[in-house]
Every structure is written in C-alpha cells, then in structure tokens.
Amino acid sequence: MKRFRLDALILPLIGFALVIAAWYVSSATWAKELPSPSKTWEASRDYVLKPFEKRGEMDQGILRFTWYSLQLVAKGYFLALVIGTPIGFLLGLSATFTRIFDPIIQILRPVSPLAWLPLGLVLFMGAGKSASELGALFTIAICSMWPTVLNTAVGVRAVPQDYLNVARVLKLSRTKTLFKVLIPATLPYMFTGFRLSLGIAWLVIVAAEMLTGRPGVGGFLWQEYNALVYEHIILCILTIGFVGFGLDRLMSVIEGRFKTG
Amino acid sequence: MSHQLEISALSKTFPTPHGPLVVVRDFNLHLEKGEFVCLIGHSGCGKSTVLSMVAGLSEPDDNAGGIILAGRELSGPGPDRGVVFQSPSLLPWLTAFDNVLLGVDQVFYTASAGERRQIAEYYLTVVGLGDALHKRPTELSQGMRQRVGIARAFALSPRMLLLDEPFGMLDSLTRMELQQVLVDLWTRNHLTALMVTHDVDEALFLADRIVMMTNGPEATVGDILKVPFPRPRDRKALLEDPEFYRLRAELIEFLEVRAYTLKGQQPPAPKPPVPPNSPAASSYTPPRQDRAVLPTQVETLA
C-alpha cells in the first residue's frame with residue numbers, strides 16, 4: 001500500500017520533470033526564441049505573486065485575468081446547458097426529431113471556434129459595445145453545447161424500459177414522468193455531457209479572447225505574443241491548463257454524486 | 001356476469017423478420033373476485049405476454065377478444081392493477097418509502113399528504129421493511145427490493161394484482177419467505193391475483209387454481225387444475241400431504257408431455273441422466289440478476 005502511494009506521487013513528478021527538461025534543452029539548443037524555464041519564472045513572478053493586481057487594462061495579475069475568463073466561460077457554458085439539455089431530451093424522446101436534426105448537428109459539431117467567432121461578431125454587430133462579448137458567448141455556447149446534447153440524448157434512450165413501465169402502470173402524467181423518472185434516470189449521462197462541455201467551453205475561451213482582444217487569459221496571451229513577451233505565453237498556457245484540470249476535477253466530483261446504482 | 005376478470009379470445013402476434021409470429025392464440029380465462037390464479041408453462045410460451053396484456057403494457061391483436069376487469073373493458077395500463085415485475089423495477093434514486101409513495105400519491109390524490117405517507121409506511125411495515133423505509137434500493141438485498149415491489153403494488157389498493165415471476169431471481173429460501181409475505185398480505189385484502197411462475201411448488205402453495213399453458217407458439221390454455229388445500233396453508237403440512245405430490249406429478253406431467261401433445265407436437269426426448277461427477281452436473285449458472293430489458297425485448301419475454 002505504502003509503495004503504491006509513493007508511486008502515485010513520484011511517477012507524475014517524473015513526468016513533469018521530463019517535460020521541463022525537454023523545455024530547457026529546447027530553449028538552449030534549437031529554439032533560441034523560446035524562453036527557458038527560469039527566464040519564464042523571472043518574467044512571470046509579478047503576475048503570479050501578485051495575482052490580483054491591476055496595473056492596466058492588459059497588465060493584470062494572472063488570477064485576475066483568469067477570473068475574467070471564468071466569468072465569460074460561465075455565461076457561455078450556462079447558455080450551452082440551457083439550450084443543449086432540452087435539445088438532448090427532444091432527440092432522445094422523438095425519433096422524428098432525431099431524423100430532422102441529427103444530420104445538421106453532426107455537420108455543425110466539428111466546426112472550430114475560430115470559424116464560429118467571426119460569425120458571432122457579424123450576428124451581433126448591431127449590439128455596439130457589447131458585440132464582442134455577445135459574439136464570444138455565442139461561440140462558447142455553440143461549441144460547447146454538443147457533448148451535452150448528445151450525452152443527454154443517449155441517456156434518455158438508455159432509460160431502462162422497467163422504469164418506463166412503472167411510470168405507465170402508475171399512469172404518471174407526462175410532466176411527472178419527465179421529472180420523476182426520465183430526468184433522474186438521465187442525470188448521470190447529462191453530467192458526463194456537462195463535464196465534457198465545460199472542458200470545451202474552457203478551450204474556446206482562449207480563441208474567443210484572442211480574436212476579440214478582451215482582457216482575460218487568452219487576451220493576455222495574444223497581446224504578449226504581439227508584444228514579444230514570450231515568457232507570458234507560457235505562463236498563460238500553464239494557467240489555462242491548471243484551471244482546465246481543476247474544472248474537470250470539480251465536475252467529476254459532481255458527476256460522481258449523480259451516479260445511481 | 002360476476003367475474004372479476006374476464007379474458008376472452010385473446011391473441012397476440014409479433015412481427016418478426018420471418019413474418020408474423022402468433023405467440024398467444026385464443027386465450028380464455030375467467031377469474032372470480034378474490035381468487036388467486038397461477039399461470040404456468042414453459043419459458044417462452046407466452047405466459048408473460050398474457051400478463052403484460054392484462055397489465056396494459058402490450059396491446060392484444062386487433063379484433064381479437066378483450067379483457068374485462070370488474071365490468072369494464074381494459075385499454076392501456078393503469079394503477080387499478082398492481083403489478084409486481086420480475087425485476088423489482090424500483091427507481092434507484094428514490095428510497096423504498098418514496099418508491100411506494102410515488103404510486104400512492106398517484107392513486108390517493110384526494111387524501112392528505114399525511115394520510116398518503118401513512119399508507120406507504122403501513123404497507124412497507126407489513127412486508128417487513130419498517131426499519132428500512134428510507135434506504136435506497138442499492139442498500140437493500142434482492143429479496144428486500146422485491147418486498148418493496150410487493151408493497152408498492154398492494155399500496156395502490158388495486159382491483160387486482162398481477163405478478164410476473166416475481167420471485168424468479170431469488171434464492172429458494174428468500175423465495176419461500178416472500179411467498180409467505182405475499183400470502184399474508186393477500187389474506188388481508190383478498191385481492192384477485194394473477195401470477196406467472198414456472199415453479200410448480202410455488203403455484204401449489206399460492207394458487208386456488210393453476211392454469212397450464214401449452215407450448216408456444218400459438219400458446220393457449222391447456223388445462224386448469226383446482227388446488228383443493230384449505231387456507232391458511234402450512235408449508236410443512238403441505239409437504240406431508242400425499243395429495244400435494246399427486247398434483248405436483250400431474251403438473252409436471254403436463255409440462256413434460258401434454259404441453260406438447262395437446263398442440264400435436266412431439267415432447268422432447270428425456271435427457272439421459274448426467275453422471276454425478278461430470279462437469280455438466282455443476283454447470284448450472286443462476287439467472288442474471290440485473291437484466292437490462294431493451295424496449296424491443298420486453299414484449300417478447302415470456
């Protein structure tokens with residue numbers, strides 16, 4: 001047992017060490033423009049150690065940027081769930097609905113956020129100042145919706161016939177069947193979808209901020225690339241990674257709670 | 001007509017890739033009020049199909065007879081028939097209590113919330129789950145889950161009870177316990193009951209009459225056996241009664257021979273006895289407990 005616990009800690013650390021070593025070697029040999037790990041830390045220290053400081057619109061502590069990004073993601077993600085879950089239910093319940101909309105869903109699903117964003121900006125051009133935010137929200141929602149839609153549909157189709165027979169024998173009304181049987185039975189699938197959707201929403205944020213120039217981790221990354229401060233690109237990548245990992249863990253915990261036996 | 005349940009000229013045909021398959025043909029049966037009737041037959045002969053048509057979960061063929069319960073022709077399922085399924089079919093996110101209450105709320109919607117809770121609690125206590133009211137199905141044994149299933153059916157105060165091999169998944173000790181629970185509850189209410197089983201002893205212990213179905217396809221009533229034992233029945237006394245063994249032999253003879261010959265089929269040749277130490281003697285595998293029933297399967301299960 002003890003050996004196992006030690007492995008669980010040491011083995012991942014070996015992985016980190018190897019990647020950092022590769023990074024160091026690369027920056028010292030073939031990729032001269034790539035800042036070394038120590039240089040990256042030097043340049044990022046202020047942003048990490050004073051994470052909430054605001055020095056200017058595009059010069060803020062890293063957690064402050066993260067907070068902006070999370071707010072935008074939360075809104076877009078919420079939109080995705082609110083729209084995606086009912087669509088998933090309709091797909092799962094109605095074969096006709098599936099025949100009508102499944103092909104178009106399969107075609108829209110693989111479209112990259114980079115392609116959606118310009119369309120979002122065009123759509124909300126009339127909105128003036130908030131056009132970039134609405135465009136970003138549109139992009140996050142439409143890109144991150146699909147796992148929720150598809151998993152919910154699969155979950156609804158997988159509701160055991162036994163449960164539906166119970167509902168029929170008791171003559172539960174449609175609404176009662178939905179809330180007392182279908183939704184609880186589908187929840188585990190829905191939450192798998194929610195977790196995957198959140199992962200995508202977080203992926204999309206960077207693209208959305210880059211193209212709209214909004215303050216946030218992605219916006220900061222793009223600005224620092226243009227300002228030739230390459231250290232901060234790496235800082236942003238690491239931040240995005242850690243936050244994404246954290247969000248996924250969080251959702252896994254919630255998802256685990258809904259696993260009914 | 002004073003029968004509680006009248007099944008007349010019932011037929012059921014399933015479409016298959018090889019053309020329509022008539023599973024049940026011209027099935028007739030009348031149940032008196034308060035009568036307990038068991039339906040036995042080979043697996044796949046259409047027993048459960050008959051039951052599921054009475055439950056309203058599957059539709060009989062058009063223009064092919066009908067089912068009348070307490071003077072009214074049935075169409076579709078409803079809580080006037082308490083159904084105990086083969087798998088307990090409890091909703092896993094609800095406690096035992098809430099599973100029962102779901103049905104009670106549905107039937108006694110005019111009663112106060114307190115009264116409804118009392119009804120659910122009463123039936124769960126009667127089936128011996130007074131201490132496990134607020135446990136979820138995953139925390140209960142298979143036998144306890146089926147107790148909840150029984151409580152749920154009785155708590156509806158239905159016009160009749162339909163039981164689809166309710167104890168088929170249980171070990172024999174638990175099965176006997178639950179048969180007793182069922183008889184005890186049934187003795188209180190004297191609900192008309194129709195139960196599908198393939199356990200001959202179970203049928204003899206529980207039923208007033210045993211309906212033997214011929215082999216499928218086109219299964220129908222082959223013969224009906226009256227079970228003369230007075231109630232309350234004592235299992236031990238029953239096992240010492242030579243009449244019990246005579247009836248038992250008759251039922252088994254029906255299943256082994258007449259279920260086929262009545263249909264003009266050849267009964268399967270008796271299998272040669274298996275030597276005690278051969279691997280085949282111990283190859284019995286118990287039926288799977290968590291049977292996932294796909295929508296298309298459910299109606300063909302018999």
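Structure: above.
Keep in mind it's a predicted model, so treat the numbers as computed, not measured.

What counts, and at which threshold
- Within each chain, residues carry numbers counting from 1 in the order of the written sequence.
- Labels are handed out in written order, letters beginning with A for the chains and numbers beginning with 1 for the ligands.
- With the structure being a predicted model, the display of local features is reserved for residues of pLDDT at least 70 and the display and counting of side-chain atom pairs for 80 or more, all residues being used for whole-chain, interface and lining totals.
- Calculation of side-chain values draws on the structure's entire complement of heavy atoms; hydrogens and water are dropped beforehand.
- Here a cavity denotes a set of grid points, spaced 1 Å apart and computed over the protein atoms alone, in which a 1.4 Å probe fits but from which it cannot get out, and a pocket denotes an open set meeting protein on both sides within 12 Å along at least five of seven lines; residues with an atom within 4 Å of a point are reported as lining.
- Grid points are joined across faces, edges and corners, and a volume is the space filled by probe spheres set on the points.
- Put simply, Ala, Val, Leu, Ile, Met, Phe, Trp, Tyr, Cys and Pro go in the nonpolar bin, Asp, Glu, Lys and Arg in the charged bin, and everything else, Gly too, in the polar bin.
- Residue contacts are defined here by distance: any two heavy atoms, one from each residue, within 4.5 Å place the two residues in contact.
- Here the quantity called buried area is the accessible surface, traced with a 1.4 Å probe, that two parts lose on coming together, added over both.
- Here, a salt bridge means any side-chain nitrogen of Lys or Arg that lies within 4 Å of a carboxyl oxygen of Asp or Glu.
- Polar contact is the term for a pair of N or O atoms within 3.5 Å; when the atoms are in protein, one must be able to donate a hydrogen and the other to accept it, and sequence-neighboring residues count only if both atoms are side-chain atoms.
- Each helix is a run of H or I in the DSSP string that is no shorter than four residues. Each strand is a run of E no shorter than two, and both are numbered from the N terminus.

Draft legend 1. Region of interest: empty space enclosed by the protein. The full count for this structure, using the stated rule, is 1 cavity of 30 Å³ or more. The space that makes up the largest cavity amounts to roughly 40 Å³. What lines the largest cavity is simply Val 166, Val 169 and Leu 170 of chain A together with Val 83, Phe 85, Arg 152 and Leu 156 of chain B. Residues of the lining of the largest cavity, tallied by class, amount to 6 nonpolar, no polar and 1 charged.

Draft legend 2. Structural view of the interface of chain A and chain B. On the chain B side, the residues contacting the 18 residues of chain A number 24 residues. Of the roughly 2,000 Å² buried at the junction of chain A and chain B (both faces included), carbon and sulfur atoms supply 67%. Ranking the residues of chain A by area buried against chain B places Asp 162, Val 169 and Leu 170 of chain A at the top, with a combined share of 31%. The interface formed by chain A and chain B contains 0 salt bridges. Linking chain A with chain B are 6 residue pairs in polar contact (both at pLDDT 80 or more), by the criterion used here. Counting only elements with at least two residues in the side of chain A that touches chain B, the list comes to α7 (161-169) and α8 (174-212) of chain A. Top contributing element to the side of chain A that touches chain B by residue count: α7 of chain A, with 7 residues. Considering only residue class, the side of chain A that touches chain B consists of 8 nonpolar, 5 polar and 5 charged.

Draft legend 3. Structural view of the side chain of Thr 66 of chain A. Residue and element names in this part refer to chain A. Tracing the sequence through the fold places Thr 66 in helix α3 (residues 62-93). A distance of 2.7 Å separates a polar side-chain atom of Thr 66 from the backbone oxygen of Ile 62. Leaving out residues up to four positions away in the same chain, Thr 66 has contacts with Trp 202, Val 217, Thr 239 and Val 243.

Bear in mind that shape data such as this cannot, by itself, settle questions of function.
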